[in-house]
Amino acid sequence: MSYLELLKLAAPEAIVVVTALAVLTVGLTSTRAKALCPIVAAIGTAVAIGAVLMLPSHANLFGGMLVISPLNSLFKIICLVLALVTVPLASSEKSLRNPGEYIAVLLLGAVGLMLLVGSEEFLMIFIGLELLGLSLYVMAAFDKSDVRSAEAGLKYFLFGSTASAFTLFGISFVYGMAGTTALAAIGQKLAAGPVQPLLAVGIVMTLIGFAFKIAAAPFHLWAPDAYQGAPIPSAAFIASGSKVASFVVLGKIVLVGFAPARGSADWHAMLAGWSPVLAVLAALSILLGNFVALAQANVRRLLAYSAVAHGGYTLLGIIAGGRDGFSATLFYTSIYAVTLVGAFAVVGVVRRESGGDDLQNFAGLAARSPFLAASMSIFLLSLAGLPPLAGFFGKFYLFSAAFRAGGNHGLLWLVALALFGSFVSLYYYLIVLKVIFVDQRSSSTLQPGQSNAGAARTSDFNVSTSLDLFSRITVTLLAAAVLFLGLMPQTLAARILASLP
């Protein structure tokens, strides 16, 4: 294969890299960098999406290092869209004093997502993980004016580097026992004989590394501080794009590479393998994430523990296995990512308007900005899984796939636990909505002689001015997407199912 042919197949990644360099150049040389950098990034990302659509339907380069398939192309587009909707959040964040550098790092992180999604070979997957991880560490610590941002970046880096060490150590064991790093070849090797103890250790260590990426308990300790301390756009991208790519890759690893070592998580027929390991992680994540979220007074920390629980829900589809289970996981993680970016966008506006993102800062938001209150309601009720929003169908699809898996409904215990967790989560989501629609802003935040009604009118003006056009369009599109995918989920679910082999 010639270099030109390789460049054609890797054109989307190359376009995003060139866009990142162009944004960096504009940011360093132009006096209007804050306005121009988001436009350049949006144009480059849109061109990269077009390049993905022009790729051939199937191609496999260098033993799986670059695989082009309908599934990989679809999720490259989803990752690029998540990066695209994060750009307006970055442009409206006043604390980010170097927008060109920040958006360039964001785009390099998107390249890491694309390499993760587009590879079925362990070495390239690890390279994608490291590129994504380094970008996210920088994004988490980017706000030099806030000590919590530095703390978030440091904790994320320390936990992330440890998880990367586990992943690489696990990959080395798998390579040593299987003699290859290609997922399909590893699957064939495992099917040829019993799983050796060192290979089992390698599988467990690899799963530990990915459990960190999806913030599954007990490997979630970085998430609350990273979500709360990082700049809003960074937290949104960590919670959305990183989760989507990680679940795509995790599904490929266990369902293709480690398929013969599956075992069983059925309550009546437990067998050693990766399936019971993921089942334990899912159960811990659901219980710990939901119960600890009940005690949170900060909305970003609440969303972080909620993300831990949602990671547990999403694992159900991978544990169930098969085309239905994996497609349910991919659908759920996609709609969850869209919903969470929207929720963080609203949190960002409230933080800029009120100076904080605790529950008390959301008091009376319905009076100050009905648009933001309605949008936040859509996002939170979708996360809770209420119809007719996308989260309802996502959970129904996920839980039904797990319920039907195996014989005699062996995963019923995990489905029942997930349903219980969903009921618990409804309480803390409704607490946020109660603060938004019922509570009034505390009198301690009012100016002398100003009434609550006057404060509402003044704050409404502040919200309107701080919510610029691009942010308003972004929130509107995300809320509309959540509604649309709730009413017509087959538009995405059928596409995902058809793209699976």
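Points about the packing of helix α16 (residues 370-384) against helix α18 (residues 412-437)
Where α16 meets α18, the closest approach of the two axes is 9 Å, and the angle between their N-to-C directions is 170°. With respect to their mutual orientation, α16 and α18 come out roughly antiparallel. Contacts between α16 and α18 involve Ala373, Met376, Ser377, Leu380, Leu381, Leu383 and Ala384 on the former and, on the latter, Ser425, Leu426, Tyr429, Leu430, Val432, Leu433, Ile436 and Phe437. Of the residues that constitute the contact of α16 with α18, the class distribution is 13 nonpolar, 2 polar and no charged.

A word on the layout of surface pockets
By volume, the largest pocket amounts to about 830 Å³. Surrounding the largest pocket, 30 residues form its lining, Val81, Leu84, Val85, Leu477 and Leu478 being those nearest its centre. Going through the elements one at a time, α3 (33-53), α4 (70-91), α14 (322-354), α20 (469-487) and α21 (490-499) are the ones with two or more residues in the lining of the largest pocket. Per-element accounting of the lining of the largest pocket gives the leading share, 10 residues, to α4. Among the residues forming the lining of the largest pocket, the class breakdown is 22 nonpolar, 5 polar and 3 charged. Roughly 320 Å³ of internal volume is contained in the second largest pocket. Lining the second largest pocket we find 16 residues, and of these Leu71, Val256, Phe326, Leu500 and Pro501 sit closest to its centre. Its residues assigned to classes, the lining of the second largest pocket comprises 7 nonpolar, 6 polar and 3 charged.

What about the confidence of the model for the protein?
Looking at the protein as a whole, the pLDDT averages 88, with 94% of positions reaching at least 70. Between residues 444-467, whose pLDDT stays under 50, and residues either more than four places distant or in other chains, the model counts 28 contacts.

What to know about the packing of aromatic side chains
Considering all chains together, one arrives at 17 aromatic pairs under this definition. Ring geometry for Phe392 and Phe396: centres 6.4 Å apart, planes at 20°, overall stacked. Here Phe396 and Phe392 lie together in helix α17 (residues 390-404), a separation of 4 residues that amounts to about one turn. A cation over an aromatic ring shows up here: Arg472 above the ring of Phe371, its NZ or CZ 4.9 Å from the ring centre.

Describing a nonpolar patch on the surface
Judged by side-chain polarity, Leu287, Phe291, Leu294, Phe420 and Tyr427 come together as a nonpolar surface patch covering roughly 470 Å² of accessible area. Taken together, the elements giving at least two residues each to the nonpolar patch come down to α12 (274-293) and α18. Within the secondary structure, Leu287 is located in helix α12.

Comments concerning the nonpolar core
What tends to happen in soluble globular proteins is that the nonpolar side chains get buried as a cluster. Among the nonpolar cores identified, the biggest contains 170 residues, and Phe75, Phe258, Leu315 and Leu316 are the most heavily contacted of them. The greatest single-element share of this core, amounting to 18 residues, is contributed by α14. The contacts of Leu316, once residues within four sequence positions are left out, are Ala282, Ile286, Leu398, Phe399, Ala402, Leu414, Val415 and Ala418.

Cut-offs used in this document
Residues numbered from 1 in each chain as written. Predicted model: local features only at pLDDT ≥ 70, side-chain atom pairs only at ≥ 80, totals over all residues. Heavy atoms only, no water. Axes fitted to C-alpha atoms, helices over the stretch in contact; angles between N-to-C directions. Helix = DSSP H or I, 4+ residues; strand = E, 2+ residues; numbered from the N terminus. Parallel < 35°, antiparallel > 145°, perpendicular 65-115°, else oblique. Contact = heavy atoms within 4.5 Å. Nonpolar A, V, L, I, M, F, W, Y, C, P; charged D, E, K, R; others polar. 1 Å grid on protein atoms, 1.4 Å probe; cavity = no way out; pocket = protein on both sides within 12 Å on 5 of 7 lines; lining within 4 Å. Points joined across faces, edges and corners; volume = space filled by probe spheres on them. pLDDT = per-residue confidence, 0-100. Phe/Tyr/Trp six-rings, centres within 6.5 Å; stacked < 30°, edge-to-face > 60°. Lys NZ or Arg CZ within 6 Å of the ring centre and 35° of its normal. Patch = residues over 30% accessible without salt bridge, like charges linked within 9 Å, V, L, I, M, F, W, Y side chains within 5 Å. Areas by Shrake-Rupley, 256 points an atom, 1.4 Å probe, with all protein chains shown as cover. Salt bridge = Lys/Arg side-chain N within 4 Å of Asp/Glu carboxyl O. Core = buried A, V, L, I, M, F, W, Y, C linked by side-chain atoms within 4.5 Å. Buried < 20%, exposed > 50% of the residue type's maximum accessible area, 1.4 Å probe, protein only.

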